[in-house]
Amino acid sequence: FGLVQAKEAIIKQKIAIVVEGYLDCIVLWQAGIRHVVSPLGVAFTPEQAKLLARYAERVVLAFDADAAGDEAAVRGIDVLVEAGLAVQVAQLPRGVDPDEHVRAVGAAGVQQLFEQALGVCDFLLSCAVARHPTRDAAGKVRAAQFVLPTVAKVSNRMLRSEYVRLIAERLRLDEHAVTEELQKVKPRAFKPQPALAPLSQAPSQAQGPQAERLLVA
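Summarised in this report is the structure supplied together with it. Note that the structure is predicted; figures quoted are calculated from it, not measured.

Another point: the sheet that holds strand S4 (residues 86–89). By way of backbone hydrogen bonds, the strands of a sheet pair with one another, either parallel or antiparallel. On the basis of which strands lie adjacent, the open sheet formed by five strands has the order S2-S1-S3-S4-S5 and mixed pairing. Each having just a single partner strand, strand S2 (36–37) and strand S5 (118–119) make up the two edges of the open sheet. Here strand S1 (residues 15–19) pairs with strand S3 (residues 58–62) via five bridges, running parallel. By the bridge assignment, Ile15 is partnered in S3 with Arg58.

Take a look at the structure:
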């Protein structure tokens with residue numbers, strides 16, 4: 001959603017901001033952030049990722065700051081990395097949606113948030129440690145195993161090697177052992193997630209002619 005309007009800005013900046021819902025997309029666009037699109041839900045598809053890769057080199061995910069948004073970010077990272085895109089994740093205040101945040105801090109504040117987005121490995125490690133406390137060896141191993149499925153999708157061998165080094169360093173694991181585990185990793189399993197209702201069924205919350213033009217994308 002919104003790619004028709006955002007394509008020129010994405011090509012110019014080589015970056016795409018990806019938000020979860022159409023309202024987030026519309027509000028950011030109205031605030032002057034033009035390189036923003038939405039998959040209309042949390043189910044980011046390989047086809048959408050390949051389409052985005054035609055115009056962008058890097059993607060900043062700005063999903064809702066809640067458990068569902070975190071899960072969507074992890075899912076989106078895997079799909080986008082496999083499409084050859086560099087990925088970062090914006091750290092919104094907990095419980096805040098992108099449209100709420102732009103209303104609170106303005107376009108400049110949101111743009112700063114995007115510029116400070118976490119790299120993919122840093123974000124996944126923070127999620128891993130939150131899910132699997134690293135107080136003992138078993139927790140460290142589980143945390144590493146949470147991150148490795150994404151690392152396995154990275155096509156650049158030097159970048160993949162750097163991610164392995166970071167994982168070993170942050171979790172205090174043997175780097176050679178992490179590399180060996182990477183060779184055995186299986187794709188990450190996700191529960192099926194429904195997309196948002198089609199726009200024809202969604203309540204109209206946008207105002208103004210700019211929003212109307214976006215809604216026909």
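Read on, since the account is not over.
In this section: the pattern of salt bridges. Scanning the model with the defined rule gives nine salt bridges in all. With a closest N to O distance of 3.2 Å, Glu71 and Arg131 form a salt bridge. One end of the pair, Glu71, is in helix H4 (residues 67–82); the other, Arg131, is in helix H6 (residues 120–131), and 60 residues separate them in sequence. The exposure class assigned to Glu71 is partly exposed, which follows from its relative accessible area of 25%. Between Arg165 and Glu162 there is a salt bridge; the shortest N-O distance is 2.6 Å. Here the residue Arg165 and the residue Glu162 both occupy positions in helix H8 (residues 157–171), the gap between them amounting to three residues, near one helical turn.

Our next topic: H6. Between its terminal C-alpha atoms H6 stretches 17 Å, which fits the 16 Å expected from 12 residues at 1.5 Å a residue. What H6 keeps buried is the set Val120, Cys121, Phe123, Leu124, Leu125, Cys127 and Ala128.

Our next topic: the packing of H6 against helix H7 (residues 137–151). For the pair H6 and H7, the least separation of the axes is 8 Å and the interaxial angle reads 145 degrees. The two elements H6 and H7 cross, and the hand of that crossing is right-handed. Here Val120, Leu124, Leu125, Cys127, Ala128 and Arg131 of H6 lie close against H7, whose contacting residues are Ala143, Phe146, Val147 and Thr150.

Okay, unusual backbone geometry next. Despite not being glycine, Lys14 has its phi angle at roughly 65 degrees, a positive value. When you line up the elements, Lys14 lands in the loop between helix H1 (3–13) and S1. A positive phi angle is found at Arg172, which is not glycine, with a value near 55 degrees. Among the structural elements, Arg172 can be located in the loop between H8 and helix H9 (175–184). Exposure remark for Arg172: the relative accessible area of 73% places this residue in the exposed category.

With the rule as written, the count across this model stands at zero aromatic pairs. The aromatic ring of Trp29 is capped on one face by Arg34, whose charged end is 4.2 Å from the ring centroid.

This part covers the side chain of His101. Its place among the elements puts His101 in helix H5 (residues 98–115). With relative accessibility at 11%, the residue His101 sits in the buried group. For His101, the residues in contact, after removing those within four places along its chain, are Leu92, Pro93, Val96, Gly106, Val110 and Leu113.

Reading the values: rules and limits
Starting from 1, residues in each chain are numbered consecutively following that chain's sequence as written. Only residues with pLDDT of at least 70 get local features here, since the model is predicted, and only at 80 or more are side-chain atom pairs given and counted; chain-wide, interface and lining totals rely on the full set of residues. Note that water and hydrogens are dropped before the side-chain values are worked out from all heavy atoms of the structure. A pair of strands is labelled paired if DSSP reports no fewer than 2 bridges between them. In this text, helices come from DSSP runs of H or I with a minimum length of four residues, and strands from runs of E with a minimum of two, each type numbered from the N-terminal end. The salt bridge definition used is simple: a Lys or Arg side-chain nitrogen within 4 Å of an Asp or Glu carboxyl oxygen. Each residue gets one of three labels from its accessible area relative to the maximum for its type: buried under 20%, exposed over 50%, partly exposed in between, using a 1.4 Å probe on protein chains only. A helix is expected to span 1.5 Å multiplied by its residue count minus one. Between N-to-C directions, angles cover 0 to 180 degrees, with each direction set by a line fitted to C-alpha atoms, over the stretch in contact for helices. When the near helix sits turned anticlockwise from the far one by under a right angle, the crossing is termed left-handed; a clockwise turn instead gives a right-handed crossing. Should any heavy atoms of two residues lie within 4.5 Å, those residues are considered in contact. Pairing of aromatic rings covers Phe, Tyr and the six-membered ring of Trp, with a centre-to-centre limit of 6.5 Å; geometry is then stacked below 30 degrees between planes, edge-to-face above 60, and tilted otherwise. We call a charge positioned above a ring when the Lys NZ or Arg CZ atom is no farther than 6 Å from the ring centre and deviates by at most 35 degrees from the ring normal.

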